[in-house]
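Listed below are the residues making up each chain.
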Amino acid sequence: MNGKFNHALYLLDKGEYDKAEICLRDAIAESDNKFEQVQIRCCYAELLMELERYSEALENAEYILANTDEYGDNDQERTTALEIKELIRSEGFLDQ
């Protein structure tokens, strides 16, 4: 697993969101593994939702949905992306 992603998870547990975001962006940039990309972007999308950066969260959710299907190994990430997309749409977060 990507070391920067692991470090980001540690920082998120400590509540250090700014530092975790940097690690997540670095992990995305450095990973060439599609399965890993989906995992990292799912975590990043959840962080962006927490930070109320909805358009960025939606971009990551869309990436996940475009790179997975309901029959693949990233079922949990796909479910999370669908939930994020639905929440953003139903709450009108991008209309504000």
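Below: a short report on this structure. (Residues numbered from 1 in each chain as written. Predicted model: local features only at pLDDT ≥ 70, side-chain atom pairs only at ≥ 80, totals over all residues. Heavy atoms only, no water.)

## Some remarks on helix α4 (residues 54-66)
Defined as follows: Counting from the N terminus, the helices are DSSP H or I runs at least four residues long and the strands are E runs at least two residues long. Expected helix span is taken as 1.5 Å per residue step, with the number of steps being one fewer than the number of residues. The buried label goes to any residue with under 20% of its type's maximum accessible area, the exposed label to any with over 50%, and the partly exposed label to all in between, with areas taken from a 1.4 Å probe on protein chains only. Arc, as used here, means the arc of the directions from the helix axis to the C-beta atoms.
With 13 residues, α4 ought to run about 18 Å at 1.5 Å a step, and its terminal C-alpha atoms sit 18 Å apart, in line with that. Buried within α4 are the following residues: Y54, A57, L58, N60, A61, I64 and L65. Down the axis, α4 shows its buried residues gathered within 165° of arc, on one side only. Exposed side of α4, more than 90 degrees from the buried face: E59 and A66 are the residues found there.

## Re the pattern of salt bridges
Filter applied, for reference: Any Lys or Arg side-chain nitrogen found within 4 Å of a carboxyl oxygen on Asp or Glu counts as a salt bridge.
Here the structure, examined in full by the defined rule, presents eight salt bridges. The partner of D26 in a salt bridge is K4, with the nearest N and O atoms 4.0 Å apart. One end of the pair, D26, is in helix α2 (residues 17-30); the other, K4, is in helix α1 (residues 3-13), with 22 residues separating them in the sequence. When its relative accessible area of 31% is taken as the criterion, K4 is described as partly exposed. Of the charged contacts, one joins E16 and K19 as a salt bridge, the two residues approaching to 3.4 Å between their closest N and O atoms. Through salt bridges that share partners, K4, D26 and E30 make up one connected network.

## Things to note about the side chain of T68
Operational definition: Polar contact is the term for a pair of N or O atoms within 3.5 Å; when the atoms are in protein, one must be able to donate a hydrogen and the other to accept it, and sequence-neighboring residues count only if both atoms are side-chain atoms.
For T68, the position within the fold is in the loop between α4 and α5 (75-91). The exposure class assigned to T68 is buried, which follows from its relative accessible area of 14%. Within polar-contact distance, the side chain of T68 engages the backbone oxygen of I64 at 2.7 Å.

## Observations concerning the packing of α4 against α5
Rules: Axis lines are fitted through C-alpha atoms, for helices just across the contact stretch, and the angle between N-to-C directions can take any value from 0 to 180 degrees. Angles below 35 degrees are treated as roughly parallel, those above 145 as roughly antiparallel, those between 65 and 115 as roughly perpendicular, and all remaining angles as oblique. Each crossing gets its hand from how the near helix is turned against the far one by less than a right angle, where anticlockwise is left-handed and clockwise is right-handed. We call two residues in contact whenever any of their non-hydrogen atoms come within 4.5 Å of each other. We call Asp, Glu, Lys and Arg charged. Ala, Val, Leu, Ile, Met, Phe, Trp, Tyr, Cys and Pro are nonpolar, and the rest, Gly among them, are polar.
Axis separation between α4 and α5 bottoms out at 9 Å; the angle between their running directions is 140°. Regarding the angle of α4 to α5, the classification is oblique. Here α4 runs over α5; the crossing is left-handed. Contacts between α4 and α5 involve Y54, A57, L58, A61, E62, I64 and L65 from the former and E77, R78, A81, L82, I84, K85 and I88 from the latter. In terms of residue class, the contact of α4 with α5 is made up of ten nonpolar, no polar and four charged.

## Looking at the nonpolar core
We count it as follows: We define the nonpolar core as a collection of buried residues of types Ala, Val, Leu, Ile, Met, Phe, Trp, Tyr and Cys that are connected through side-chain atoms lying within 4.5 Å of one another.
Judged by nonpolar contacts, the single largest core of 28 residues is most densely connected at L24, M49, I84 and I88. When contributions to this core are tallied by element, the ones reaching two or more residues are α1, α2, α3 (34-50), α4 and α5. Apart from the residues within four sequence positions on either side, L24 is in contact with F5, A8, I40, C43, Y44 and L47.

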